[in-house]
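Residues per chain are reported as follows:
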Amino acid sequence: MFFYLQLYKWCLDAIARDPQLSKHECLLEALGTQGMSSDESDPEEPGRSATYPRIYPQWHSQQLLTFLWQLDVIIEKIHASPVGRCKRGGNPLRIRPHTSKYNTTAAAPIRFPRNCYDKDWLDSLPAWSKAALQAKDIDYKFSDTDGAFAPMTQ
């Protein structure tokens with residue numbers, strides 16, 4: 001659970017540092033820690049770095065995953081060369097490669113725009129689950145080339 005919280009904080013920090021991404025702060029806050037990918041340790045990887053393949057919540061849409069991957073790049077840059085302090089040594093590097101693995105038990109947040117949910121996952125839900133999910137019948141604008149902006153409000 002600790003890493004979910006740390007990753008979530010790093011994503012919030014990345015959003016705060018990038019003026020182009022700050023408009024997505026409400027989306028990230030609504031995702032919370034349950035929207036973060038989990039890790040699976042890989043003890044077979046020798047050397048100084050530790051490999052933790054990412055496992056994504058099955059409900060994540062490709063658009064949402066792409067947005068979170070953009071944050072990952074910013075987070076890696078922030079932590080590669082910290083400004084104003086020495087980088088702490090001794091800890092192994094944490095390598096988090098993308099995988100095609102999904103967490104089928106991850107809880108999906110309710111009242112998100114429909115394009116935040118994976119369409120196949122959404123279509124596979126029974127009617128009562130879809131009703132409980134309360135997916136908004138709008139699309140979230142992940143980039144300036146997407147359709148109308150769908151702000152995240154509760």
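Here is a short report on the structure shown in this document. (Residues numbered from 1 in each chain as written. Predicted model: local features only at pLDDT ≥ 70, side-chain atom pairs only at ≥ 80, totals over all residues. Heavy atoms only, no water.)

1. Regarding the overall build of the protein
Part 1: Of the regular secondary structure elements, the protein holds five helices and five strands.
Part 2: The helix and strand sequence of the protein, counted from the amino end, reads α-α-β-β-β-α-β-β-α-α.
Part 3: A burial count over the protein gives 37% of its 154 residues as buried.
Part 4: Carbon and sulfur atoms make up 55% of the accessible area of the protein, which amounts to about 9400 Å² in all. (Helix = DSSP H or I, 4+ residues; strand = E, 2+ residues; numbered from the N terminus. Buried < 20%, exposed > 50% of the residue type's maximum accessible area, 1.4 Å probe, protein only. Areas by Shrake-Rupley, 256 points an atom, 1.4 Å probe, with all protein chains shown as cover.)

2. Describing the pattern of salt bridges
Part 1: Using the criterion set out here, one finds four salt bridges in the structure.
Part 2: Several salt bridges converge on common partners, so that one network encompasses Arg 114, Asp 137 and Asp 139. (Salt bridge = Lys/Arg side-chain N within 4 Å of Asp/Glu carboxyl O.)

3. A closer look at unusual backbone geometry
Part 1: Although it is not a glycine, Arg 111 adopts a positive phi angle of roughly 60°.
Part 2: Counting through the fold element by element, Arg 111 comes out in the loop between strand E5 (102-103) and helix H4 (119-124).

4. Here's the deal with the nonpolar core
In summary, soluble globular proteins display a tendency toward joint burial of nonpolar side chains.
Part 1: In this structure, Leu 27, Leu 28, Leu 64, Phe 67, Leu 68 and Leu 71 are the most contacted members of the largest nonpolar core, which totals 29 residues.
Part 2: Elements with a minimum of two residues in this core: helix H1 (2-17), helix H2 (25-31), helix H3 (62-80) and H4.
Part 3: Here the element with the most residues in this core is H3; it accounts for seven residues.
Part 4: Setting aside anything within four residues of it in sequence, one finds Leu 71 in contact with Cys 11, Ala 14, Ile 15, Leu 21 and Leu 28. (Core = buried A, V, L, I, M, F, W, Y, C linked by side-chain atoms within 4.5 Å. Contact = heavy atoms within 4.5 Å.)

5. Topic: the environment of Tyr 8
Part 1: As for its position among the elements, Tyr 8 is in helix H1.
Part 2: Accessibility expressed as a relative area gives 13% for Tyr 8, which makes it buried.
Part 3: Sequence separation of Tyr 8 and Gly 32 is 24 residues, and the distance between their C-alpha atoms is 6.8 Å.
Part 4: For Tyr 8, the residues in contact, after removing those within four places along its chain, are Leu 28, Glu 29, Gly 32, Thr 33 and Met 36.

6. A word on the packing of aromatic side chains
The geometry of an aromatic ring pair is captured by two quantities: the separation of the ring centres and the angle between the planes.
Part 1: Applying the stated criterion across every chain yields a total of seven aromatic pairs.
Part 2: For the pair Tyr 117 and Trp 121, a centre-to-centre distance of 6.0 Å together with 25° between the ring planes defines the contact as stacked. Of the two residues, Tyr 117 and Trp 121, both sit in the buried class.
Part 3: Ring plane angle 65° and centroid distance 4.9 Å describe the contact between Tyr 140 and Phe 142, whose orientation is recorded as edge-to-face. (Phe/Tyr/Trp six-rings, centres within 6.5 Å; stacked < 30°, edge-to-face > 60°.)

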